[in-house]
Amino acid sequence: MKIQIINGPNLNLLGKREPDVYGNQSFEAFLDTLRKRFSPTEIHYFQSNIEGELVSKIQEVGFSYDGIILNAGAYTHTSVAIHDAIAAIKTPVVEVHISNVYAREEFRHKSIITSKCVGIISGFGLESYSLALTYFMLKLQAT
Ligand code: DQA
């Protein structure tokens, strides 16, 4: 199984950025844990602060991978381009957030991309990514 994790803007600062909200661990350190936990699943990782690069990565993997786990960061709330990229591809996308966006500022309550995703996982810290991977694993086992 081939899964692409895509992280959007400011998520390169995990571990340093607002640790009370996003925790103390870098994504790279967590990725090691994920790869061990979900072995032999191939987990690819991409992060960008640039909207168009996120769109290009979604297009690149969106016809061949088994799943995309997308944390679009702040673009979740603003990006029609990312919404359209998800609508254009065949690979199912799970939207994840580290924090519980519904317990935060009102501008975070609206996601432009959820309607094109399989579902949304929000508020479980970095384990939001594990829950999304578990979904893809169970889906594969069921087929
Ligand atoms: C986030 C929530 C977004 O509102 C925010 O802009 C982020 C991170 C999360 O993972 O909790 O950058 O997607």
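Residues numbered from 1 in each chain as written. Predicted model: local features only at pLDDT ≥ 70, side-chain atom pairs only at ≥ 80, totals over all residues. Heavy atoms only, no water.

In this section: the site of the ligand. Every residue near the ligand is listed here: R17, Y22, N71, G73, A74, H77, H97, I98, S99, V101, R104 and R108. Contact distances for the ligand include 2.8 Å between an oxygen atom and a side-chain N or O atom of N71. One nitrogen or oxygen atom from the side chain of H97 is found 2.8 Å from an oxygen atom belonging to the ligand. Its residues assigned to classes, the shell around the ligand comprises four nonpolar, five polar and three charged. (Near = heavy atom within 4 Å. Polar contact = N/O pair within 3.5 Å; in protein donor to acceptor, adjacent residues only side chain to side chain. Nonpolar A, V, L, I, M, F, W, Y, C, P; charged D, E, K, R; others polar.)

How two aromatic rings sit relative to each other is set out by the distance from centre to centre and by the angle between their planes. Taken as a whole and assessed by the stated rule, the structure comprises five aromatic pairs. Following the ring pairs from residue to residue traces out a cluster consisting of F27, F30, Y45 and Y129. In this structure, K57 packs its charged tip against the face of F46, placed 5.1 Å from the ring centre. (Phe/Tyr/Trp six-rings, centres within 6.5 Å; stacked < 30°, edge-to-face > 60°. Lys NZ or Arg CZ within 6 Å of the ring centre and 35° of its normal.)

This part takes up the sheet that holds strand β4 (residues 93-97). Judged by pairing direction, the sheet is parallel, and its five strands sit side by side in the order β2-β1-β3-β4-β5 without closing on themselves. Every other strand in the sheet has two partners, leaving β2 (42-47) and β5 (119-122) as the edge strands with one partner each. The average undirected angle you get between the axes of adjacent strands in this sheet is 20°. Direction of pairing for strand β1 (residues 2-7) relative to β2: parallel, over a ladder of six bridges. Paired with I5 across the strands is Y45, a residue of β2. (Pairing = 2+ DSSP bridges. Helix = DSSP H or I, 4+ residues; strand = E, 2+ residues; numbered from the N terminus. Axes fitted to C-alpha atoms, helices over the stretch in contact; angles between N-to-C directions.)

Bringing the pairing of strand β3 (residues 67-71) into the picture now. The element β3 is extensively covered by neighbouring structure, given that five of its five residues are classed as buried. With burial as the criterion, each face of β3 is covered, one bearing G67, I69 and N71 and the other bearing I68 and L70. Across five bridges, the pairing between β1 and β3 is parallel. Across the sheet, residue Q4 finds its bridge partner in β3, namely I68. With three bridges joining them, β3 and β4 adopt parallel strand pairing. The partner of L70 across the bridge, within β4, is E95. Since β3 and β4 lie parallel, the crossover through helix α4 (residues 80-88) that links them has a hand, and here it is right-handed. (Buried < 20%, exposed > 50% of the residue type's maximum accessible area, 1.4 Å probe, protein only. Right-handed = clockwise from strand over helix to strand, strands pointing away.)

Of note, R104 is situated in the loop between β4 and β5. For R104, a relative accessible area of 19% corresponds to the buried category. A polar atom in the side chain of R104 sits 2.9 Å from the side chain of S99. Look past the residues within four positions of R104 in its chain and what remains in contact with it is V21, Y22, S99 and H109. (Contact = heavy atoms within 4.5 Å.)

Next up on the list: unusual backbone geometry. Note on backbone geometry: most residues besides glycine have negative phi, and most peptide bonds are trans. P40 follows S39 through a cis peptide bond whose omega is 10°. Along the chain, P40 falls in the loop between α2 (27-37) and β2. Although it is not a glycine, N10 adopts a positive phi angle of roughly 75°. Here N10 shows up in the loop between β1 and α1 (19-22). Judged by its relative accessible area of 36%, N10 falls in the partly exposed class. Of note, E18 is a non-glycine position whose phi angle comes to about 30°, a positive value. Within the secondary structure, E18 sits in the loop between β1 and α1.

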